[in-house]
Amino acid sequence: MSTPDTVRFRFNQAILAAAVIAFIGALPLANARAYLLPVLLVPLGVGVWAWRAGTDADSRELRLRALFGQRRIGWDRVAELATDARGRAVARLDDGQQLVLPAVRGTDLPRLVSATGQNLPDEAAETPGA
């Protein structure tokens, strides 16, 4: 259940549209022979993943959602939010583990932090001489 203060990050919905098109395109192939029916599972799996996968954040926890299942991480376990070399958002936990946050880009970090109810420090106030 999503509450009003929950921030949701999802992958681009164009992936879901592409999965539907691929499913329709694979129908003639799957109907040609019975042993080709599992070919339909590939676009179906991609479609379900595109609809479900992502990151939810609220004032209590992060929820990392995948194709099957989810992982809940309390904010008290998150030591740092940062970006990796590819521009993806990463959560470093207190035990040293590093988790890539699905569907969250580095530019989304201020919105992610706002879900905690905390404010980011003002960069202009931190810069000496500014």
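The structure under discussion appears in the preceding block.
Residues numbered from 1 in each chain as written. Predicted model: local features only at pLDDT ≥ 70, side-chain atom pairs only at ≥ 80, totals over all residues. Heavy atoms only, no water.

## Looking at the nonpolar core
Most often, soluble globular proteins keep nonpolar side chains buried together rather than apart.
Then, number 1: Counting residues in hydrophobic clusters, the biggest one holds 18 residues, and the most contacted among them are Leu-62, Ile-73, Val-78, Leu-101 and Leu-112.
Then, number 2: Of all the secondary-structure elements, those providing two or more residues to this core are β1 (7–10), β3 (61–65), β6 (88–93), β7 (98–105) and α3 (109–114).
Then, number 3: Those residues within four positions of Leu-101 in sequence are excluded, and the remaining contacts are Thr-55, Leu-62, Leu-64, Leu-81, Ala-89, Ala-91 and Leu-112. (Core = buried A, V, L, I, M, F, W, Y, C linked by side-chain atoms within 4.5 Å. Buried < 20%, exposed > 50% of the residue type's maximum accessible area, 1.4 Å probe, protein only. Helix = DSSP H or I, 4+ residues; strand = E, 2+ residues; numbered from the N terminus. Contact = heavy atoms within 4.5 Å.)

## Brief notes about the sheet that holds strand β2 (residues 54–57)
Then, number 1: Strand order in the open sheet formed by four strands is β1-β2-β3-β4, with antiparallel pairing between adjacent strands. What marks the edges here is a single partner per strand, and that holds for β1 and β4 (70–74). The sheet shows a mean angle of 15 degrees between the axes of neighbouring strands, direction not considered. (Pairing = 2+ DSSP bridges. Axes fitted to C-alpha atoms, helices over the stretch in contact; angles between N-to-C directions.)

## Some points on the layout of surface pockets
Then, number 1: Computed from the structure, the largest pocket encloses a volume of approximately 200 Å³.
Then, number 2: In this structure, the largest pocket is lined by 15 residues; those nearest its centre are Arg-10, Phe-11, Ala-103, Val-104 and Arg-105.
Then, number 3: Elements with a minimum of two residues in the lining of the largest pocket: β1 and β7.
Then, number 4: No other element matches the six residues that β7 contributes to the lining of the largest pocket. (1 Å grid on protein atoms, 1.4 Å probe; cavity = no way out; pocket = protein on both sides within 12 Å on 5 of 7 lines; lining within 4 Å. Points joined across faces, edges and corners; volume = space filled by probe spheres on them.)

So far we have only geometry, and geometry alone does not tell us how the molecule works.
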